[in-house]
Every structure is written in C-alpha cells, then in structure tokens.
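Chain by chain, the residues run as shown.
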Amino acid sequence: MSKRSFPLSKVYGLLEPGPVVMVTTARKGQANIMTMSWHTMMEFEPPTIGCVISNQNHTFGILKSTRECVINIPTLELAEKVVGCGNSSGRKIDKFKVFGLTQATASFVKAPLIDECYANLECKVVDGGMIAKYNLFILQVLKAWINPDKKDPRTIHHRGMGVFMVAGETIKLPSKMK
Ligand SMILES: Cc1cc2nc3c(=O)[nH]c(=O)nc-3n(C[C@H](O)[C@H](O)[C@H](O)COP(=O)(O)O)c2cc1C
C-alpha cells in the first residue's frame, strides 16, 4: 500500500472517536449549548467519559463551577444547528432561542436536555484533576435518556474543517466485547 506523509495538525480527523455531541450547561437560570467532538468513553459502568473543553469557551467556566452538564446526541437533521452552536458563544447569544431548540428538564442536574436530540446523558464531573493541564473533564453519567423509535440513529462524526461523516450501515459480528 503506498502512503504519503500526513500533517500532524490533521491527525484528529482520522481518530475522531464518536458522534458530535452538544453539551448543555446552566448557571443562574441561563442555559448554554456547546458543540463537542473531543470525547471518549473511559469505563462501562458507571459510564465514564473524558471530554476536552477549551478554556476559551463559555462552557468551560460554567462546567468548572457547577460540575454538571448534559451530553446531548444529535442526528443528521440537526446538523446545521450543531455547527451553529459550535461557531457561536453563549457569552453573546442565547443558543436555545437563536437555534430554535427546546429545553427539557433533567432529573439529576440543572442543565437542560435538548429535546430534539435522540439521546441525552445527565453527567457530573467526578475528576477535575486534569482540567488545569489538559482542559480534560472526567464525567460520570448519572442518567441516560433515549428515543426508542430511533432504531438506526444517523449521528454525525467530525472529520475536521466542517467535514462530517454520517453514520450509515450497521453490521453485527460475533464479539466478546460487551
Ligand atoms: C464540529 C465541532 C466540534 C467541536 N468540538 C469541540 C470540542 O471537542 N471541544 C471544544 O472545546 N470545542 C469544540 N468545538 C468548538 C466549540 O463548540 C465552540 O468554541 C463554541 O463556540 C463554544 O461555545 P460556548 O462559548 O458557548 O461554550 C467544536 C465545534 C464544532 C463545530
């Protein structure tokens, strides 16, 4: 197989781990949404997720102080709103209003669920030890919600510079992995 050298700055697009998600936070009754693709599963149960959230983002300060958020998983129909929430800041606008998204009340956290997303994970920060060095928040999922009617959710996966891969075909193979 012939290969060419690949720029290090583009490596993240090869390894993009999972669907692009929308992180909701809330402070003093004001909710915000941030688009995020840098996340990874770290444990099955309790589900534990590592997330890199830039300290330049409004979400960073809210999450650091409230220590809770919701990870909302959108599908293809929401793609433009996902990109919109990733190119604007809650410091300047109310993203729920601007992008026409609906807040639903969570059970365990003050941050709202995005009703239009097919799955929502209520999370708390369980380890903040790597926030200062890596902007890395370790979250534990307290409660998960899913729309049972969405059988093959067409999640979107960021490949860099506004290019997304859309989840498509599902295959099942014998595997010992849970
Ligand atoms: C597809 C996509 C993926 C993104 N992934 C991340 C991410 O993993 N971590 C991060 O800090 N910002 C990420 N961003 C950028 C933030 O969403 C963006 O800076 C946003 O304006 C922050 O909003 P806030 O200031 O309201 O928190 C992403 C943006 C897009 C469009």
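Predicted, not measured: the structure shown is a model, and the values here were computed from it. (Residues numbered from 1 in each chain as written. Predicted model: local features only at pLDDT ≥ 70, side-chain atom pairs only at ≥ 80, totals over all residues. Heavy atoms only, no water.)

Q: Explain the pattern of salt bridges to me, please; I cannot follow it from the model alone.
A: When the charged atoms of two side chains lie near each other, side chains of opposite charge can form a pair. This model, assessed by the stated rule, comprises one salt bridge. The salt bridge partner of Lys150 is Glu77, with a shortest N-O separation of 3.3 Å. Here Lys150 is found in the loop between β9 (136-146) and β10 (156-160), whereas its partner Glu77 is found in the loop between β5 (68-73) and α3 (79-85), with 73 residues between them in sequence. What makes Glu77 exposed here is its relative accessible area of 57%. (Salt bridge = Lys/Arg side-chain N within 4 Å of Asp/Glu carboxyl O. Helix = DSSP H or I, 4+ residues; strand = E, 2+ residues; numbered from the N terminus. Buried < 20%, exposed > 50% of the residue type's maximum accessible area, 1.4 Å probe, protein only.)

Q: Before we go on, may I ask you to explain the site of the ligand in this structure?
A: Near the ligand there are 21 residues, and of these Ser54, Thr59, Ser88, Ser89 and Gly90 occur at the shortest range. In this structure, an oxygen atom belonging to the ligand sits 2.8 Å away from a side-chain N or O atom of Asn32. Val52 is positioned such that a nitrogen or oxygen atom in its backbone is 2.9 Å from a nitrogen atom of the ligand. Within the complex, 85% of the 640 Å² of free accessible area of the ligand lies under protein. Comparing atom positions with the cavity grids shows the ligand to sit within the largest pocket. (Near = heavy atom within 4 Å. Polar contact = N/O pair within 3.5 Å; in protein donor to acceptor, adjacent residues only side chain to side chain. Areas by Shrake-Rupley, 256 points an atom, 1.4 Å probe, with all protein chains shown as cover. 1 Å grid on protein atoms, 1.4 Å probe; cavity = no way out; pocket = protein on both sides within 12 Å on 5 of 7 lines; lining within 4 Å. Sits in = over half its atoms within 2 Å of the grid points.)

Q: In this structure, what is going on with helix α2 (residues 58-66)? I would like to understand it.
A: In an α-helix, one full turn covers 3.6 residues, which means residues spaced three or four apart are oriented alike. For α2, the set of buried residues is Thr59, Phe60, Ile62 and Leu63. Residues of α2 that are buried sit in contact with β1 (21-27), β2 (30-36), β5, β8 (119-127), α5 (131-134) and β9. One or two steps after α2, the chain reaches Arg67, where phi turns positive at roughly 60°. (Contact = heavy atoms within 4.5 Å.)

Q: Before we go on, may I ask you to explain the pairing of strand β11 (residues 163-166) in this structure?
A: Successive side chains on a regular strand alternate, one facing one side of the sheet and the next facing the other. The pairing of β10 with β11 spans four bridges and is classified as antiparallel. Across the sheet, the residue bridging to Gly160 is Val163, located in β11. Connecting β10 to the antiparallel partner β11 that follows it, the hairpin turn spans two residues, and Met161 within it adopts a positive phi of roughly 50°. (Pairing = 2+ DSSP bridges.)

Q: In this structure, what is going on with the nonpolar core? I would like to understand it.
A: In summary, soluble globular proteins display a tendency toward joint burial of nonpolar side chains. Counting 21 residues, the largest nonpolar core has Met36, Cys51, Ile53, Ile71, Cys123, Phe137 and Leu139 as the members making the most contacts within it. Listing elements by their share of this core, those giving two or more residues are β1, β2, β4 (48-52), α2, β5, β8 and β9. Other than its neighbours up to four places away in sequence, Met36 contacts Pro19, Val20, Val21, Val23, Cys51, Val52, Ile53 and Ile71. Counting residues in each nonpolar core, the second largest holds 14 residues, with Met22, Ile33, Val82 and Ile156 among its members. (Core = buried A, V, L, I, M, F, W, Y, C linked by side-chain atoms within 4.5 Å.)

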